[in-house]
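So you can see what is in the structure, the chains are spelled out below.
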Amino acid sequence: AILAVLASLIITANVLVAIALLRLIHKSGSKGLCFVLNLAVADAMVGFTVMGLVMDEFSQPFCPPQIFCVLRMAFVTSSSAASILSLILVACDRHLAIRKPFHYLQMVTGLRVGTRVVGVWLVAAIIGFLPVLSPAFQMVSHREKCSFFSVFQPAYMLTVFCVGFFPTLFLFVYLYCDMLKIASAHVQHIREVEHAGLAGGCPPSRTISDVKAMRTVAVLVGCFALSWLPFFIASIVQTACPGCFPYKVIENYLWLLGLCNSLLNPLLYSFWQKDVRLQLSQLAAGVKRRVL
């Protein structure tokens, strides 16, 4: 029941944010918002794939064949990987906007945005469906429930965690630290100019946008680490030492915590981004007028 409610909230929140982003992209023509839209689509896909697991739960007793469980968990893994990789695209886009603001519009073109988005989904599909392409990563299990530890070999789990998650987390930290250094240099320059009496008391709009971008990325990085880090650490311990940690705790609690990241992402963007909030309010007002 908890998984069903969580999946429904993930789908609803991300679909609403995706609609608001589509309206905003249509009005402003901003290419960078396409990365945020891709993040919302990936998180919505997480909700849809998890809803399949919910249907399996409510249809107990359920004894699916091995290939069914492998495909089911491959879709879940691919959508989760696409969500995490989309977060990297958003962070890299904000980093580029802060580091090279005068060349940003020339560098972020429609072709490059489309290429990066397609590349993210291809990499996510390879990560998720690698056990399907290589049966050596599959585990023969007699459990009735489809889960990561019942269909995937520990070698595959360790590969995904060590090659995928931790480099992503380190990249997030590097991008944020670099943006913090750039913003600190901007603030120092503004203070020098103000001290020389060459500027007014109001900070430039670019500095304000830099601070907002840093704040958004910092919150995303923090929520990503808090949501997924316990699951990945416990999973590594489980794969290295199967008897040291109960896998049911990982599947029933820590994995749900990781899924909450797909719900937090749209909520964070709708809260921190004024334009997204405005589009959501206009969308709600339009629905209210149609209903009344």
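What counts, and at which threshold
- Residues numbered from 1 in each chain as written.
- Predicted model: local features only at pLDDT ≥ 70, side-chain atom pairs only at ≥ 80, totals over all residues.
- Heavy atoms only, no water.
- Phe/Tyr/Trp six-rings, centres within 6.5 Å; stacked < 30°, edge-to-face > 60°.
- Helix = DSSP H or I, 4+ residues; strand = E, 2+ residues; numbered from the N terminus.
- Buried < 20%, exposed > 50% of the residue type's maximum accessible area, 1.4 Å probe, protein only.
- Polar contact = N/O pair within 3.5 Å; in protein donor to acceptor, adjacent residues only side chain to side chain.
- Core = buried A, V, L, I, M, F, W, Y, C linked by side-chain atoms within 4.5 Å.
- Salt bridge = Lys/Arg side-chain N within 4 Å of Asp/Glu carboxyl O.

## With respect to the packing of aromatic side chains
Overall, the coordinates contain 5 aromatic pairs when judged by the stated rule. On the basis of an interplanar angle of 70 degrees and a centroid distance of 5.7 Å, the ring pair of Trp-228 and Phe-231 is categorised as edge-to-face. Of this pair, Trp-228 and Phe-231 are both found in helix H8 (residues 205–240), 3 residues apart, which corresponds to roughly one turn of the helix. A relative accessible area of 5% places Trp-228 in the buried class. Between Phe-231 and Phe-232 the ring centres are 5.5 Å apart and the planes differ by 70 degrees, which places this aromatic pair in the edge-to-face class.

## Quick notes on the environment of Gln-282
Tracing the backbone through its elements, the reader meets Gln-282 in helix H10 (residues 274–291). In this structure Gln-282 comes out as partly exposed when scored by relative accessible area, which is 32%. Distance in space between the C-alpha atoms of Gln-282 and Ala-20 is 9.0 Å, their sequence separation being 262 residues. In terms of polar contacts, Gln-282 uses its side chain to reach the side chain of Lys-27, at 3.3 Å.

## Re the nonpolar core
Counting residues in hydrophobic clusters, the biggest one holds 74 residues, and the most contacted among them are Phe-148, Phe-231 and Trp-255. The set of elements that each furnish at least two residues to this core consists of helix H1 (2–28), helix H2 (33–58), helix H3 (66–99), helix H5 (110–133), helix H6 (148–151), helix H7 (154–195), H8 and helix H9 (247–272). The element best represented in this core is H3, accounting for 15 residues.

## Describing the pattern of salt bridges
For the structure shown, the criterion picks out 3 salt bridges. The residue Asp-93 makes a salt bridge to Arg-94 at a minimum N-O spacing of 2.9 Å. Taking the relative accessible area as the measure of exposure, Asp-93 reaches 5% and is therefore buried. With a shortest N-O distance of 2.8 Å, Asp-178 and Arg-99 are connected by a salt bridge. Pair noted here: Asp-178 is in helix H7 and Arg-99 is in helix H3, with a separation of 79 residues, a long-range link. Asp-178 gets classed as buried once you look at its relative accessible area, which sits at 6%. A residue is classified by how much of its surface remains accessible, and Arg-99, at 42% relative accessible area, is partly exposed. Here the residues in one salt-bridge network are Arg-99, Asp-178 and Lys-181, joined through shared partners.

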